[in-house]
4 protein chains.
Amino acid sequence: MQFLSDNAARVHPKLWEAMQAADVPDTPYDGDALSGRLDAVFTELFGRDCAVLWAGTGTAANCLALATMVEPHGSVICHREAHIEMDECGAPGFYLHGAKLLLADGAGAKLSVGGIEEVLAGITRGIHQVPAHAISITQVSEYGQAYAPEEVAAIGALAKAQGLGFHMDGARFANAVAYLGCSAAEAAGPVDALSFGCTKNGAMNVEAVVFFDSAKADVARWRRKRAGHLNSKGRFMAAQVLALVEDGLWLELAGQANAAAAEVAAGAGERLLHPAQSNELFVRMCAEERAALRAQGFAFYDWDESCVRFVTAWDTKPEDAQALGRALAAL
Amino acid sequence: MQFLSDNAARVHPKLWEAMQAADVPDTPYDGDALSGRLDAVFTELFGRDCAVLWAGTGTAANCLALATMVEPHGSVICHREAHIEMDECGAPGFYLHGAKLLLADGAGAKLSVGGIEEVLAGITRGIHQVPAHAISITQVSEYGQAYAPEEVAAIGALAKAQGLGFHMDGARFANAVAYLGCSAAEAAGPVDALSFGCTKNGAMNVEAVVFFDSAKADVARWRRKRAGHLNSKGRFMAAQVLALVEDGLWLELAGQANAAAAEVAAGAGERLLHPAQSNELFVRMCAEERAALRAQGFAFYDWDESCVRFVTAWDTKPEDAQALGRALAAL
Amino acid sequence: MQFLSDNAARVHPKLWEAMQAADVPDTPYDGDALSGRLDAVFTELFGRDCAVLWAGTGTAANCLALATMVEPHGSVICHREAHIEMDECGAPGFYLHGAKLLLADGAGAKLSVGGIEEVLAGITRGIHQVPAHAISITQVSEYGQAYAPEEVAAIGALAKAQGLGFHMDGARFANAVAYLGCSAAEAAGPVDALSFGCTKNGAMNVEAVVFFDSAKADVARWRRKRAGHLNSKGRFMAAQVLALVEDGLWLELAGQANAAAAEVAAGAGERLLHPAQSNELFVRMCAEERAALRAQGFAFYDWDESCVRFVTAWDTKPEDAQALGRALAAL
Amino acid sequence: MQFLSDNAARVHPKLWEAMQAADVPDTPYDGDALSGRLDAVFTELFGRDCAVLWAGTGTAANCLALATMVEPHGSVICHREAHIEMDECGAPGFYLHGAKLLLADGAGAKLSVGGIEEVLAGITRGIHQVPAHAISITQVSEYGQAYAPEEVAAIGALAKAQGLGFHMDGARFANAVAYLGCSAAEAAGPVDALSFGCTKNGAMNVEAVVFFDSAKADVARWRRKRAGHLNSKGRFMAAQVLALVEDGLWLELAGQANAAAAEVAAGAGERLLHPAQSNELFVRMCAEERAALRAQGFAFYDWDESCVRFVTAWDTKPEDAQALGRALAAL
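Scoring rules and cut-offs
Residues numbered from 1 in each chain as written. Chains lettered and ligands numbered in written order. Predicted model: local features only at pLDDT ≥ 70, side-chain atom pairs only at ≥ 80, totals over all residues. Heavy atoms only, no water. Helix = DSSP H or I, 4+ residues; strand = E, 2+ residues; numbered from the N terminus. Rg over C-alpha atoms; globule rule 2.2 N^0.38 Å. Buried < 20%, exposed > 50% of the residue type's maximum accessible area, 1.4 Å probe, protein only. Contact = heavy atoms within 4.5 Å. Areas by Shrake-Rupley, 256 points an atom, 1.4 Å probe, with all protein chains shown as cover. Lys, Arg positive; Asp, Glu negative; His and termini not counted. Charge placed at Lys NZ, Arg CZ, Asp CG, Glu CD. Buried area = accessible area lost by both parts, 1.4 Å probe. Salt bridge = Lys/Arg side-chain N within 4 Å of Asp/Glu carboxyl O. Polar contact = N/O pair within 3.5 Å; in protein donor to acceptor, adjacent residues only side chain to side chain. Nonpolar A, V, L, I, M, F, W, Y, C, P; charged D, E, K, R; others polar. Pairing = 2+ DSSP bridges. Domains from an automatic or database assignment. Phe/Tyr/Trp six-rings, centres within 6.5 Å; stacked < 30°, edge-to-face > 60°. Least-squares fit on C-alpha atoms with pLDDT ≥ 70 in both. pLDDT = per-residue confidence, 0-100. Axes fitted to C-alpha atoms, helices over the stretch in contact; angles between N-to-C directions. Parallel < 35°, antiparallel > 145°, perpendicular 65-115°, else oblique. Left-handed = near helix turned anticlockwise from the far one by under 90°.

Caption draft 1: Just the overall build of chain A, in detail. Scanning chain A from N- to C-terminus turns up 14 helices and 10 strands. On C-alpha atoms alone, chain A measures out to a radius of gyration of 20 Å, which is about the 20 Å that the 2.2 N^0.38 rule sets for 331 residues. For chain A, the spread of C-alpha atoms along the three principal axes comes to 55 × 55 × 30 Å. For chain A, buried positions account for 65% of its 331 residues. In chain A, 74% of the contacts between residues at least 6 apart in sequence involve partners at least 24 apart. Accessible surface computed for chain A: about 10600 Å², of which carbon and sulfur atoms make up 51%. Distance between charge centres in chain A, computed from 26 positive and 40 negative side chains, equals 4 Å.

Written as structure tokens, this is what we have:
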């Protein structure tokens, strides 16, 4: 019973079908018919003009998006525990040519207007200090916490007032929308670009970089090629994204993952460090309890000395989630 | 009847099978069992120690390999028409942090010892000019020409004598080996790293970066992550490579593509700009002749005003190749 | 009698005076009163709004200027023998984060509209090839040749039509103006930024980067600091530039250097590879003749096997120039 | 009476003399006789083999040194308030091609072995996180605090044990040596490279980058040229350094600055945030007190709401320092 990572989950059968249907000769790179449909599909989903590029990983998606907003002498304001800071081996430094990440604090790994303003207030040394060029938030956050639409809107208003780009790392954007029960447009708010996660949500190896400004997408096309992320058989990339998005499968799968997490959370009760708002749960637990759970066949990640992480996925079996919930309650 | 690109070809059924067999939970990134088998498989293939990383595209593979050999203030000697110079949108400049490509001439887009020495002889200004740090050749070349083992060996000897790294872009390495009738080891010669092409040869979206020096591979692991090329479900990348390499399928498929090209070449006769040594043919042709061929249902690429390019693939039907050969002969 | 390089020449007494006058406490970096006068002085000189930054070397000046016009995925069209290509150890690759230099041909190391158009015509592969973002010319060229105002204007018109930035490396801009007998504005034409050379013309260690677009200058200010070129005692940098420019000394000194070169050229006669248009002369000469000249006490640079280079400076003694002229005539 | 910055101080007369004596034709760049003497002079000073490059600013010196120790995918451990983090506009990100700075804590802006170990202990995510490649400390620290020789030695031992490069930003190294009363070698300890500050200590525009490993210096020579820091009239750079170092002037001038600071410190008494160990003092002071001091003619920098900074220099008049001391005591 694996609760290690949604990266360990399977590829959804409909995506297999879509990829196999795409296995016919077509124009290489992103000149194929499937890639050509992406803009329209996301424009419909978000209700505003979208220009969409596929990319092989979330790291690439985030960096390609940020590279359209941040000059090499600038910086990105993000949470101290953001994926771009903690888990991408300096990829933003590579893609942004040495631009910095300015780290802000905030509960549940979420940025707040106040936290951002504090960072901005520290930029006082003129030419001797890097200016802020963009804000990046993660929906849901590294601790599985969803930004309510009004929170995203408030940060967006600050970004606009300060002339900053606004990026959302949506590796688990689907889980946020499923949890919030709002529209995709509401969950994304006024961001300039969204890394729309697919791989953790039933795809094999693709993310969609959604630009709400086609000029930025045009820059990103050059940068994607230059970074070696313009796959030659791009039709297989587009096929996965379309299969997830066109019929609402993305939201359905995230709902399944969230539901499984809710089962687990119910058993975890007071042990939860953060409320269950997606498919990630952080649960206080001592070494003996961890060993006991593992002895029962549960696989999970030791986050730190005080807590463990459980991640559910679209293919987590309800009975496994229930079993884990019961085991947690019984600890 | 498509002769546009081997990038337009289909994914081989055995690779589909391998990917589907890989669709079970496993450690994310490159910690899975399949990725763990790559080093041994290539070590057996080449008869010397290999450390192997998968990467999503040939551009990424080339750049990750070169980044282990070239410092930012250095340069790579390559052919004036090399893919890294002509077709990668400056990716080497990105991955090598501004290092230069020094362009050499040579028939059939192949580098020769003489051509390389000429470039080296032009480096006379000391600190005012970038030094050479590596040589990169393409096996087969951009014009489909294979380097004989002794040619690779001679360039390798020069590289060693000059203290330069030696890289081989093997996007169509399989076609070279199939044509040369030699071993993989002989076709690669003493290179330090080889971009072993898979996507043009029946894979969906993977190349193998083969390092013959594990210290270089260790650097490349950081650089791969940092470039966003460490796919989270890496098992699907490894599965494709293993399916191609473990049972010799890679060579069989390249042989099929070469054989189809030979049929075409037989019809092209004197029109061929370069002898048929792989699955790429460059054929002199005027506008009327191009139109006539297209009217018969043949799709191909206009290389320039004087010639067109035909590319066969593992799935080119023999009867299509024969039909094209006949059509060319009849022109 | 040294004709090796104008880099070997002395610092003009008025610049020594100006630096010593600047040796009073003032705001560090570029906040001093002298630095604050630069914009106005150049605005008057060029008759259009200027924003001016000092920088320690011509390489830095060129790269800081280009970095305001060229994105990392773009390129600069320059002459095959331009200083930025041949003599800056890849500095443009560093400052432009891997952008490429696209090399054009042209007599006397001067770019022509035709040569630029030829390069542009070769950019046909869309996203697979770097787009051009700027044109850079050298006034006077690496072979000491001046662009007539109408030549600069024509290239500027092409740049504008193509949406490209336009940069002039003016390491010897003063020599060009002195030769052309036109205004500084005419010699610079419609460039967006000019590296206005000072060090070869009597300064110790400063160049002025003149931006005709203050937004570009604002970007360059960040980039200058980030490159370690914002000297803390900037008043000594500004003092040199002001001493050269405010009273026309820059033009007077260049006139002296050109006059000395003219004496040499008169003696060289048919041996000149390019007409004398500045302070650099390239003179055909065999090994014996070189030895004979050196035996007479003349120091100069062996350009290649067929010719040598003589460079005069503001402090070349007229009698030395005449002596060299006579010696050349006597060969 | 100016206590704003040692960057505002004057150039020492002996350096003016040395520069003027250097105003004779010599080989451009660093091929002149003066530049050629640097290695020997520093080798004698430090009692171990040195290879020395001049550079125009402290930012350039720091970054050129670090670039020999840190790969683009790596990082530098430094203090949270280090100059390279706070005051160089992201220059390390530029020169190190996106490498990160990992920030450690420590009293008085000094790194401790414990603080460094804490950062190292946080590097647990393997390939997902940047590895440490170097440690950089500032002698004296941003708060004017000197590292005792045994402190430098302990950090050096840690660096060696961990396989990390070790860099010292010595913008005020002279003040540290003058305070510690030890040898230059003891104050530098086992660092691999030292940015030996000159501009704050009587020079016009030069720092010496001292490498204790000539292979690193050889890399730095390329990087310096590539960064536009190889001045063409390098003899004026070398002349300043030699005039400071050859006869011990550097230490004498730092002693004068320290002595002036000691006068000020005596008056500041309990208001000092950190003990007086160099020429920088941080003094608790409210707004009214600041106004009162300024009304008496003292110029200084508002560090933050609770304290101000006084900086003395080689040319601070003893009577001015005494006057400030008295004024502080009288507050």
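Alright, that's what it looks like, and here's the rest.
Caption draft 2: View of the interface of chain B and chain A. Counting residues at the interface gives 48 residues for chain B and 48 residues for chain A. Around 3800 Å² of area is buried between chain B and chain A when both sides are counted, 57% of it from carbon and sulfur atoms. The three residues of chain B that bury the most area against chain A are F94(B), R226(B) and K233(B), which together make up 19% of that side's buried surface. One can count 0 salt bridges joining chain B with chain A. Our count for the contact surface shared by chain B and chain A stands at 33 residue pairs in polar contact (both at pLDDT 80 or more). Of all the secondary structure elements, the ones that give two or more residues to the side of chain B that touches chain A are α1 (13-21), α3 (58-66), α5 (91-95), α10 (214-226) and α11 (235-245) of chain B. Considering each element in turn, the side of chain B that touches chain A owes the most residues, 4 residues, to α5(B). In the side of chain B that touches chain A, the residues fall into 21 nonpolar, 17 polar and 10 charged.

Caption draft 3: Fine view of the interface of chain D and chain B. Between chain D and chain B, the residue contacts involve 19 residues of the former and 19 residues of the latter. Considering only the side of chain D, the residues that lose the most area to chain B are H73(D), I127(D) and W222(D), jointly responsible for 38% of the buried surface there. Linking chain D to chain B there are 2 salt bridges. Here R223(B) and E71(D) are joined by a salt bridge, their closest N and O atoms 3.4 Å apart. Inspection of the region where chain D meets chain B yields 8 residue pairs in polar contact (both at pLDDT 80 or more). Across the side of chain D that touches chain B, the residue classes tally to 8 nonpolar, 6 polar and 5 charged.

Caption draft 4: Representation of the side chain of S232(D) in the model. One can find S232(D) in the loop between α10 (214-226) and α11 (235-245). Judged by its relative accessible area of 14%, S232(D) falls in the buried class. There is a polar contact of 3.0 Å between the side chain of S232(D) and the side chain of N7(C). Not counting the four nearest positions on each side in its chain, S232(D) is found in contact with N7(C), T199(C), P28(D) and Y29(D).

Caption draft 5: Representation of the sheet that holds strand β8 (residues 280-284) of chain C in the model. Residues and elements named next belong to chain C. In spatial order, the strands read β8-β10-β9; together these 3 strands make up an open sheet with antiparallel pairing. In the strand order of this sheet, the two ends are held by β8 and β9 (301-302), each with one partner. Bridge count for β8 against strand β10 (residues 307-311) is 5 bridges, and the pairing is antiparallel. Looking at the pairing, V283 lines up with V308 of β10.

Caption draft 6: Representation of the pattern of salt bridges. Applying the stated rule across the entire model yields 64 salt bridges over all chains. The residue E289(B) makes a salt bridge to R271(B) at a minimum N-O spacing of 2.6 Å. With a gap of 18 residues between them, E289(B) in helix α13 (residues 287-295) and R271(B) in the loop between α12 (249-268) and β8 (280-284) connect regions that are remote in the sequence. With respect to class, E289(B) is no different from R271(B); both count as buried. Put simply, R37(D) and E246(D) hold a salt bridge, and the shortest N to O gap is 2.8 Å. Of the two residues, R37(D) is situated in helix α2 (residues 33-46) and E246(D) in the loop between α11 and α12 (249-268); the sequence distance between them amounts to 209 residues. On the basis of relative accessibility, which here comes to 37%, the residue R37(D) falls in the partly exposed class.

Caption draft 7: Representation of the domain arrangement of chain A within the structure. Residues and elements named next belong to chain A. Here chain A is described as being made up of domain 1 (12-249) and domain 2 (251-330). Placing a centre on the C-alpha atoms of domain 1 and another on those of domain 2 gives a separation of 27 Å. Of the residues lining the interface, 21 residues belong to domain 1; the matching set on domain 2 comes to 18 residues. Regarding the contact of domain 1 and domain 2, the summed buried area is about 1700 Å², with carbon and sulfur atoms giving 52% of it. Linking domain 1 with domain 2 are 1 salt bridge, by the criterion used here.

Caption draft 8: How the structure looks around the packing of aromatic side chains. All names here are of chain A. Evaluated as defined, the whole model comprises 70 aromatic pairs over all chains. On the numbers, 5.0 Å between centres and 80° between planes, the contact of F282 with W303 is edge-to-face. Taken together, the residues F282 in strand β8 (residues 280-284) and W303 in the loop between β9 (301-302) and β10 (307-311) connect sequence positions 21 residues apart. W303 sits in the partly exposed class, given a relative accessible area of 22%.

Caption draft 9: Up close: the sheet that holds strand β9 (residues 301-302) of chain B. Across the sheet, which stays open at both edges, the 3 strands sit in the order β8-β10-β9 (chain B) with antiparallel pairing between neighbours. Each having just a single partner strand, β8 and β9 of chain B make up the two edges of the open sheet.

Caption draft 10: The arrangement of the relation of the copies chain D and chain B in detail. For the pair chain D and chain B, the best superposition has an RMSD of 0.0 Å and corresponds to a rotation of 180° with a translation of 0.0 Å parallel to the axis. Read as a symmetry element, the transformation amounts to a two-fold axis. Within chain D, H97(D) has its C-alpha nearest the rotation axis, a separation of 3.3 Å.

Caption draft 11: The arrangement of the environment of A262(D) in detail. Tracing the chain through its elements places A262(D) in helix α12. With 13 residues separating them in the primary sequence, A262(D) and P275(D) have C-alpha atoms 9.8 Å apart.

Caption draft 12: Summary view of the relation of the copies chain B and chain A. Laying chain B over chain A is done by rotating through 180° and shifting 0.0 Å along the axis; what remains is an RMSD of 0.0 Å. Taken together, the interface assignments show that 100% of the residues at the interface of chain B recur at the interface of chain A, consistent with an identical surface on both copies.

Caption draft 13: Focus on the environment of G90(C). Inspection of the secondary structure puts G90(C) in the loop between α4 (83-86) and α5 (91-95). You can call G90(C) buried: its relative accessible area is 8%. Remark: the alpha-carbon pair of G90(C) and D213(C), spanning 123 residues in sequence, is separated by 26 Å. Dropping the residues within four chain positions of it, G90(C) is found in contact with K100(B), V130(B) and R226(D).

Caption draft 14: The arrangement of the confidence of the model for chain A in detail. Mean pLDDT over chain A works out to 97, with 100% of the residues at or above the 70 mark. Interface confidence for the predicted complex, expressed as ipTM, amounts to 0.96; the pTM equals 0.97.

Caption draft 15: Expanded view of the side chain of T312(C). Residue and element names in this part refer to chain C. If you trace the backbone, T312 turns up in the loop between β10 and α14 (318-330). On the basis of relative accessible area, T312 is assigned to the buried category, the value being 1%. Within the structure, the side chain of T312 is placed 2.7 Å from the backbone oxygen of A257, a separation counted as a polar contact. The residues contacting T312, other than those within four sequence positions of it, are F3, D6, A257, A260, A261 and N279.

Caption draft 16: Spotlight on the environment of A239(A). Residue and element names in this part refer to chain A. Inspection of the secondary structure assignment puts A239 in helix α11 (residues 235-245). The exposure class assigned to A239 is buried, which follows from its relative accessible area of 3%. Distance in space between the C-alpha atoms of A239 and A22 is 6.6 Å, their sequence separation being 217 residues.

Caption draft 17: Structural detail: the packing of α12(B) against helix α14 (residues 318-330) of chain B. Residue and element names in this part refer to chain B. At their nearest, the axes of α12 and α14 sit 7 Å apart, and the two run at 15° to each other. Judged on the interaxial angle alone, α14 and α12 are roughly parallel. Read as a crossing pair, α12 and α14 show a hand that is right-handed. Across the interface between the two elements, A260, E263, V264, G267 and A268 from α12 touch A321, Q322, L324, G325, L328 and A329 from α14. Taken together, the residues of the contact of α12 with α14 sort by class into 7 nonpolar, 3 polar and 1 charged.

Caption draft 18: Layout of the pairing of β10(A). All names here are of chain A. Most of β10 is tucked away: 5 of the 5 residues are buried. Burial along β10 is two-sided: C307, R309 and V311 and V308 and F310, pointing in opposite directions, are all buried. Of the pairings in the sheet, the one linking β9 to β10 comprises 2 bridges and is antiparallel in character. The residue bridging Y301 from the neighbouring strand is R309, located in β10.

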